[in-house]
Amino acid sequence: MASKSRSYHVSATPVTVFAHLFVVAVTILVLVWLLHFRGGLAFRTIKKYEIINVHILLMVVGFILVAGEAILALKRIPATRRVRKAGHGILQVIALIAGIVGVYAAFKYKHESGREDMISLHSWLGMCTVCLFGLQWLLGFFSFVFPGAQTSSRASYLPWHIFGGLFIFFLAICTAETGLLERFNTLGLGHNQEGLLVNFTGLLLILFALAVGFTILLPHQD
């Protein structure tokens, strides 16, 4: 009976592999979209669309994908717990910096192109996501890294930290989906190569989110 019950166990390892493959695929699609179809990236330029391209790259690749890899690192790096925590923290810092700079790029684009900001659902969700991510990072730092944190406090906060991290990650995915839809409509994309690329990017982001979630939930078998 014990061996029969174990046969129903599904390892997280193949799901984790797919998650990493989705990271590579999304990164390639975003770079092709922004560099080939959208004319490139720049912070200072007369072509203002290049600034919003920086925003897209930083938020999708630098923020969402790196944050997802940070979640995977905490659970699936074949190393000691201390090394996993260090990798998780470093990736989270990178994601936070990318998110802050990405938000700055969005405001810069709106300001220099004479458009109103913080009027769409995407912008509201994005601001909430980055702020919550920063708060989550601070709470995690003072709970798990700060020398004065008590062991009992760490243990009691850990489930909330995991829940909050996954919630913010999925909120970031929702924000990206609304942003891609917004760009799709603004650019007037349809049944062409660029439109298909944007749609596939959104689909792969959802699959990446599911892969990250299942990686956390499923047992790991070496």
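Just so it is clear, the model here is predicted, and its values are computed rather than measured.

Turning to the packing of aromatic side chains, a few remarks are in order. Under the criterion given, the structure shown has seven aromatic pairs. With a centroid separation of 5.8 Å and an interplanar angle of 75°, the aromatic rings of Phe-169 and Phe-208 are classed as edge-to-face. Of the two residues, Phe-169 sits in helix α6 (residues 151-186) while Phe-208 sits in helix α7 (residues 193-217), which places them 39 residues apart along the sequence. Residue Phe-169 is classed as buried on the basis of its relative accessible area, which comes to 4%. Accessibility expressed as a relative area gives 0% for Phe-208, which makes it buried. Following the ring pairs from residue to residue traces out a cluster consisting of Trp-137, Phe-141 and Phe-142.

The next subject is helix α5 (residues 121-145). If you check α5, its first and last C-alpha atoms are 35 Å apart, about what 25 residues at 1.5 Å a residue would give, namely 36 Å. If you check which residues of α5 are buried, you get His-122, Ser-123, Gly-126, Thr-129, Val-130, Phe-133, Gly-134, Gln-136, Gly-140, Ser-143 and Phe-144.

A separate point is the pattern of salt bridges. Considering all chains together, one arrives at three salt bridges under this definition. The shortest N-O distance in the salt bridge between Glu-194 and Arg-38 comes to 2.7 Å. Taken together, the residues Glu-194 in helix α7 and Arg-38 in the loop between α2 (13-37) and α3 (49-76) connect sequence positions 156 residues apart. The salt bridge involving Lys-108 is made with Glu-112; its shortest N-O contact spans 2.6 Å. Here the residue Lys-108 and the residue Glu-112 both occupy positions in helix α4 (residues 81-112), the gap between them amounting to four residues, near one helical turn. Residue Glu-112 is classed as partly exposed on the basis of its relative accessible area of 31%.

Next up on the list: the packing of α3 against α4. Between α3 and α4, the least distance of the axes is 8 Å, while the angle of their chain directions is 165°. Classified by the interaxial angle, the pair formed by α3 and α4 is roughly antiparallel. Considering how the two elements wind past one another, α3 and α4 form a crossing that is left-handed. In terms of residue class, the contact of α3 with α4 is made up of 22 nonpolar, six polar and six charged.

On to the UniProt feature "transmembrane region" (unreviewed entry) in the chain, then. The sites that carry the UniProt feature "transmembrane region" (unreviewed entry) are, in the present numbering, residues 12-34, 54-74, 86-107, 119-146, 158-176 and 196-218. Split by type, residues 119-146 is 89% helix and 0% strand. Its first and last C-alpha atoms lie 38 Å apart.

About the criteria used
- Residues numbered from 1 in each chain as written.
- Predicted model: local features only at pLDDT ≥ 70, side-chain atom pairs only at ≥ 80, totals over all residues.
- Heavy atoms only, no water.
- Phe/Tyr/Trp six-rings, centres within 6.5 Å; stacked < 30°, edge-to-face > 60°.
- Helix = DSSP H or I, 4+ residues; strand = E, 2+ residues; numbered from the N terminus.
- Buried < 20%, exposed > 50% of the residue type's maximum accessible area, 1.4 Å probe, protein only.
- Expected span 1.5 Å × (residues − 1).
- Salt bridge = Lys/Arg side-chain N within 4 Å of Asp/Glu carboxyl O.
- Axes fitted to C-alpha atoms, helices over the stretch in contact; angles between N-to-C directions.
- Parallel < 35°, antiparallel > 145°, perpendicular 65-115°, else oblique.
- Left-handed = near helix turned anticlockwise from the far one by under 90°.
- Nonpolar A, V, L, I, M, F, W, Y, C, P; charged D, E, K, R; others polar.
- UniProt positions renumbered as here; feature names shortened; annotations may be inferred.

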